[in-house]
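Each chain, written out:
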Amino acid sequence: MTRPARYSAYGLARRGLTGAAWPPAWRAHELRPSYDVVIVGGGVHGLATAHYLAAKHGITNVALLERGYLGGGGSGRNTAIIRSNYLTPEGVRFYDRSLTLYESLAADLNFNVMFSQRGHLTLAHSDSALRTMRWRAEVNKLQGVDSELLDPAEIAGLVPHVDVSDQPRYPIVGGLFHPPGGIVRHDAVVWGYARAADANGVHLHQDTEVVGIDVVDGRVRGVRTNRGPIAAPVVVNCTAGWSSLVCELAGVEVPITTYPLQAAVTEPVRPFLDTVVVSGTLHVYVSQTDRGELVFGASVDPYPSYSTRGSLEFTEGVATHVLELMPALAKLRVLRQWAGLCDMTPDFSPIMGRTPVDGFYVDIGWGTYGFKAGPVAGETMAELVATGTTPELIAAFDLARFAEGRLVGERGAAAVGH
Amino acid sequence: MRLPPQPGEAIDRTTAFTFTWDGRSYPAYAGDTIASALAAAGVRVFSRSLKYHRPRGLLTADFHDPGCLVQVGDEPNVRAAHRRVEPGMTVRPQAVWPSLRWDVKSANQLVGKALTAGFYYKTFIKPRPLWPAYERVLRRFSPGGEVPAEPPDGRYDQRYAHPDVLVAGGGPAGLAAALAAAEAGLQVLLVDEQHELGGHLLWGDDGDRAALRDLRGAVAAADGIEVLTDAVVTGRYDGGRVVVLQRSAPGVVERLVKARPRVLVAAPGLIERPYVVAGNDLPGVLLSTAARRLVNRYAVRPGQRAVVLTANNSGDAAVGDLTRAGVDVRRVLDARRGDDVVRVRGRRGVRAVECSDGSTVACDLLVTAVGWTAPTSLLTMAGGRSRYLASAARFVPADLPDDVLAAGGIVGDGSTADLVAHGRAVGHEAARRARGLPPAHVADLEPGPHPELFHGRSNGIVDLAEDVSADDLRAAVAEGYDSIELVKRYTTATMGPTQGKLEAVNTIAVVAAATGRSIEETGTTTGRPPYVPVSLGVLAGRRYQPVRRSPMHTWHVEHGATPLVAGAWIRPDHYGDPAGEVCAVRQGVGIIDVTPLGKLALHGPDVADLLELLYVNRWRKLAVGSVRYGVMCTEDGVVLDDGVTGRLGEDRYLMTTTSSGATTVEHWVERWLQTERPHWQVHLVPMTDAYASINVAGPRSRELVGRLTDIDLAPEAFPYMRVRLGRVAGVADCVVWRIGFTGELSFELHVPAAFGQRVWEALLEVGADLGVRPFGVEAQRILRLEKGHLIVGQDTDGLTQAYGAGLDWAVKLDKDDFVGKPELAWQRARDDYLVLVGLQPVDPAVVPPESCQIIEDGQRIVGRVTSSRMSPTLDRAVCLGLVAARLSEPGTTVTVLLPDGRRVPVLVMPQLAHVDPEGVRLRG
Amino acid sequence: MMLLTCPHCGARDAGEFDYVGERRDRPDVSRATEQEWRGYLYLRGNRADWTAELWHHRAGCERFLTVVRHLGTDEVRG
């Protein structure tokens, strides 16, 4: 293992003075003819899986194949919200482990991922929304996760710009506050994992597209890429947006429908919004980055597509809903909008683990909540690949549940789950 | 410094006024921009840069100028070189402390070498507990203006326009294209970003101005051209939708204009590119177009002594304009001959320029004319591409779809006459295509030769808005961030308010040089909407948020009802005393407005088959005059909706749904009819709004309704679960059914909507002696909970199948088919699901809040309370809840965890109903 | 949004329509195995290719119609 140059304030100052360049965070390699493990997808899930395989299990003969550039898919297009206040005990436990990993990620990777635990506030505009929030709060508390119901006055204290009067079309009747939640610099998570995986010997291959998966007698034998074939006894599908198509290459059918999810960012303004604010009824979530921009997201587009062109309806809808919540923001301007692809499953929960093809594993179906699960997904998938045993944390997310009618209860929750 | 009147000036010297900048008063003329007025008064520094807090001044002197974003009153990030100044305007610099002149954050320049791109990823890592403090400091360095605490004044709106041809850009080519299309008889919408039509002719020479006068005259005289100035096309979306932001429109702050033109003509001209060289961000470095604009439009002399670096005729013309304005042009460096600028010196502004011949020229102004960027983003949004043309040193449009054309400078170079001719040809072709004729080729305007001048030999700022230098980009490449996307993300180049317009091509060029790849291989300039930042206010428009109200709504308001927002509807939650309302119903009679109940009229010979298919229970034997409760599931067996359906005649039924499920069920029924059973003869008419619905409930309801109707209400004539048609309070065509959601004897009246209030008031009037009172949704919820009637979506969730909702009695698996049947058959064979049960806390005074969890062994969740209330009838807490099937036996004690941490015992009841489980009262 | 052509109303903005799902055949209820039924419930083609879909002209004629759309480009076949 080659240790990378350590990042620190001292290092910055020294190199600033001497003009010495930092070494590359990762390197390019030729494809080897075979690897012990091939990971498809260079987003946070694939990179975290590669990192934990190498760092925790000593499996370093690993190739990670990315069709474009690292973090160019969902990992670079999400709104970077981290939280663990889910509805079901299995969901809460799983995401809480992820949040714990996020808390120490900067130190573990020696890469500041800028995890800002500023709190996550979900607003309720109806009795039924409040009921679902109490449900979440109660389940969270039982799992040791900090979640509490707030009344409108407490909300006004937390987010002064929010209109808690009875004037809005959907007045705010309460909220669920989750102090450990927050936002993270999504690209930094990708790069931090990539740098750590590279340092441990994992080969990161960008511009490398998987065009075929070889399966013989029900066992995976390797992949074919635009740069040539690779033999491997284990292939892990960590893609998003195209996960059902990658599964199809291995002959595995998965219950996934792919929808665009749009987001937008405004011009920067001075800091005024400290928490992440979400409204399920209004289908919008808002946070302010350290750079001062407001980041907006909403629910997935109304119809499935692999197209990532933004729509006017999205920005119009977001603007309407944001101004319902915070009417003082009318003169703030939207600077950019973009879209990513979300693989939705029937029960709003991922598909993780084995498939009917031996050696072909999936870590897919992440809907709109993949980024917050990146670390724990990597950790558990690495454990599964390394030990052959499915970790308890992901047992409920197996592919067989759909054919066997054991759907995960997150579907009981409200529509927007960020 | 203001010059004497210029022949093409935009200012009106007869209207002078003052405004304030940074706390001081300044003079201005009408027609001035904020920046031109300040520049005329000698102000050179407008902002501090993002990272190093270096002073910044004018660069492009137009909307896209990165150095002059200011706060105007409560509006942040105003483009000072575009926004026209108004009398009394209060303008402030943004994000400086304590002042623009002495900004302590400029200390960042001292440690600048350590603040390389992405420096924050490499530090503040340990110790972890200190990161929140570091983060607060970082946030303090964020740029931008301030958002107000209160909503700003003024309205925004939106408009639909229906032009045949939309021309984006009102320079010579755009004007000519609009004229040609209008002459062909088409409706044209001509949009231009500046305050006046004319494009670069506005700051041109006498010949340019003469040509512009002719074109503007022709446009004004032409039929069918609507002109929007200070307006910009923000995007071209799917389906050919083109969106225009109109920044100044009468009566509104801003307006968004939406159109689907048959043909879009893009004639945006060219954007001048800055030169990347050390010191290129100092106040006093101007683009040639900016210098010409300042002199010719605003009569501002931008400096005293100038050096001009020119590679094209815009730079050459700037030399002439500056000289005429009395600027001492000390040196003209001709890049076409290999002259270059090595570095610009100065601290608060330009003091000298080091030239490639080794000389240093003292000056306060450097004007550069080193190349152009074609703003192709509108074309790439429309599905076209951009292609790099090395000989012209710019990207040009390629592969445009048939309904999009490009005209003028974006395509190629030429004289004003050439641009006009090209515009005319494109406008003519646009008219042909708008008429549906097959596309014909328009001869392209050839791009002229231009040297490739992106960055010089020293380290300059590439992205002035984000303070990203060429060395930052090179360092990113060296660290492995070697594709253009990674470089952008790592350095934030092109991510700022200029959106890449000024810096994208220079960024690509620097990265190309650093990686050894060509510009073409390195990146393209694919546009994404919006082309310019668009306010939330104008995107939201008038924020039309429809609500639905029953015909009795005004009565409720006048009688003190507390409103409840229930989805689309506003309903009375209660009239001040929900418990009293409950007692009135249990002991006498009450009336509730249930208009939001979904109502669907079904006609035809196959309605019974339809009901058999969509409901889990049986319908074929429903007699005329009878009603029945039904439950619908989706194909996965999950409960979708419930309600009562009655048979009004041989082939005539009325279906009711839950209020929240009304639309869903209507579409659900239509979908099964249209797609799975198209041969069935069933006609569906949504009736929710056609009827006002009133439920009259309580032991004296028969007496009350009897006073107003000719229908025989005697128990034997009108038994429970029957429907009758007749007059109520003199209103004909009412539907009355005898059902009992509240658990009491009750009659539900569906009366033609226009007569709703009349019947409502009549009931209250004639029932005064019976003690009739209105009751609201809250009382109804208590009543139904006492009776154990479930609410779909509250006592069930997105996974609750029919057997889990305690609906075993309704599901008829021996039917041949119904929606969801296979899943329900399999569900019945299992016992791994939650079951809905009646629950009563052992302590009658404890009401567990809804959603409290039912737990086992300390913390394992085995169910939850779905509904709970204090029952005024029983004077004790009553609940419904979902529990694990093995705990659903009557008499089982389960543990409920309260929000305050207490664990309380709760008894599972033998049935869902807490009050009158035998149903004596409702059958009475 | 894209335009969809309703056979009754003509070309309209997709915002007038509700997407219902990929077109698929309902298995014979009397014979369907668990696997077949759950395939019907949950499995979709989801290919970046031409796909026959069911749409509902909610804000128009209320008709359900089949739209053949390319999921990679959102082009609609007339």
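### Re the sheet that holds strand β23 (residues 365–369) of chain B
Residue and element names in this part refer to chain B.
Right, so step 1: Ordered in space as β17-β23-β18-β19, the four strands form an open sheet in which the pairing is parallel. Looking at the sheet topology across the chains shown, the edges are occupied by β17 (285–287) and β19 (328–334). Within the sheet, the average angular offset between the axes of one strand and its neighbour, ignoring direction, is 20°.
Right, so step 2: The pairing of β17 with β23 spans three bridges and is classified as parallel. Paired with L287 across the strands is T368, a residue of β23.
Right, so step 3: Its contacts with the sheet put helix α5 (residues 288–298) on β17, β18 (305–310) and β23, and the angle it makes with β17 is roughly 90°.
Right, so step 4: Of the strands in this sheet, β18, β19 and β23 touch helix α6 (residues 313–324), which is tilted by about 165° from β18.

### Observations regarding the pairing of strand β9 (residues 210–216) of chain A
Right, so step 1: Note: β9(A) against strand β10 (residues 219–225) of chain A, six bridges, orientation antiparallel. Each residue of the ladder has a partner; that of A:V216, found in β10(A), is A:R219.

### What to know about the domain arrangement of chain B
Right, so step 1: The domains assigned to chain B are domain 1 (12–124), domain 2 (156–270 + 374–434), domain 3 (274–370), domain 4 (461–521), domain 5 (580–783) and domain 6 (831–916).
Right, so step 2: Here domain 3 of chain B and domain 6 of chain B have C-alpha centroids that lie 81 Å from each other.

### Topic: the nonpolar core
Right, so step 1: Counting 335 residues, the largest nonpolar core has B:A177 and B:V265 as its most contacted members.
Right, so step 2: Counting 96 residues, the second-largest nonpolar core is a separate cluster that includes B:I739, B:C879, B:V894 and B:V906.

### Quick word on the interface of chain A and chain C
Right, so step 1: Contact residues are listed per partner, giving 19 residues for chain A and 16 residues for chain C.
Right, so step 2: For the side of chain A that touches chain C, the class distribution of residues is ten nonpolar, seven polar and two charged.

### Details of the pairing of strand β2 (residues 24–30) of chain B
Residue and element names in this part refer to chain B.
Right, so step 1: As judged from the seven bridges shared by strand β1 (residues 12–21) and β2, these two strands associate in the antiparallel manner. For T20, the partnering residue across the bridge sits in β2 and is S25.
Right, so step 2: Count of turn residues in the β1/β2 antiparallel hairpin: two residues, of which D22 carries a positive phi of about 55°.

### Comments concerning the domain arrangement of chain A
Residues and elements named next belong to chain A.
Right, so step 1: If you check the domain split of chain A, you get domain 1 (27–80 + 186–255 + 347–412) and domain 2 (117–180 + 257–344).
Right, so step 2: Averaged C-alpha coordinates put domain 1 and domain 2 at centres separated by 30 Å.
Right, so step 3: The partner domain 2 presents 14 residues to the 14 residues of domain 1 that form the contact.
Right, so step 4: Partitioned by chemical class, the residues of the side of domain 1 that touches domain 2 number three nonpolar, ten polar and one charged.

### A short note on the interface of chain B and chain A
Quoted interface sizes are often the accessible area lost when the parts come together.
Right, so step 1: Between chain B and chain A, the contact holds 74 residues from the first and 75 residues from the second.
Right, so step 2: When residues in the side of chain B that touches chain A are grouped by element, the largest group, four residues, is from helix α13 (residues 536–540) of chain B.

### As for the sheet that holds strand β12 (residues 234–237) of chain A
The strands making up a sheet associate through backbone hydrogen bonding, with each pair oriented either parallel or antiparallel.
All names here are of chain A.
Right, so step 1: The strand order across the open sheet formed by six strands is β8-β2-β1-β12-β19-β18, and the pairing between neighbours is mixed. Bordering the open sheet on either side are β8 (203–205) and β18 (351–353), each of which pairs with just one other strand. Across the sheet, the mean angle from the axis of one strand to that of its neighbour is 20°, orientation sign disregarded.
Right, so step 2: Direction of pairing for β12 relative to strand β19 (residues 360–364): parallel, over a ladder of three bridges.

Calculation rules
- Just so you know, the residues in each chain are numbered from 1, in the order the chain's sequence is written.
- Chain letters and ligand numbers both follow the written order, the letters beginning at A and the numbers at 1.
- Local features in this predicted model are restricted to residues whose pLDDT is 70 or higher, and side-chain atom pairs enter the listing and the counts only when it is 80 or higher, whereas totals over whole chains, interfaces and linings include all residues.
- Note: two strands are recorded as paired if DSSP finds a minimum of 2 bridges between them.
- Comment: elements are numbered from the N terminus, with helices defined as DSSP H or I runs of at least four residues and strands as E runs of at least two.
- Axes, fitted as lines to C-alpha atoms, cover a helix only where it is in contact. Angles between the N-to-C directions of the axes lie from 0 to 180 degrees.
- Think of it this way: build a C-beta for each residue from its backbone, and any pair within 7 Å is a contact.
- What counts as a domain boundary in this text is fixed by an automatic or database domain assignment.
- We define a nonpolar core as a collection of buried residues of the types Ala, Val, Leu, Ile, Met, Phe, Trp, Tyr and Cys that are connected via C-beta atoms lying within 7 Å of each other.
- Around each residue's C-beta, the other C-beta atoms within 10 Å are counted; 20 or more make the residue buried, 12 or fewer make it exposed, and counts in between make it partly exposed. All C-beta atoms are placed from the backbone.
- Each residue receives one of three labels: charged for Asp, Glu, Lys and Arg, nonpolar for Ala, Val, Leu, Ile, Met, Phe, Trp, Tyr, Cys and Pro, and polar for the others, Gly being one of them.

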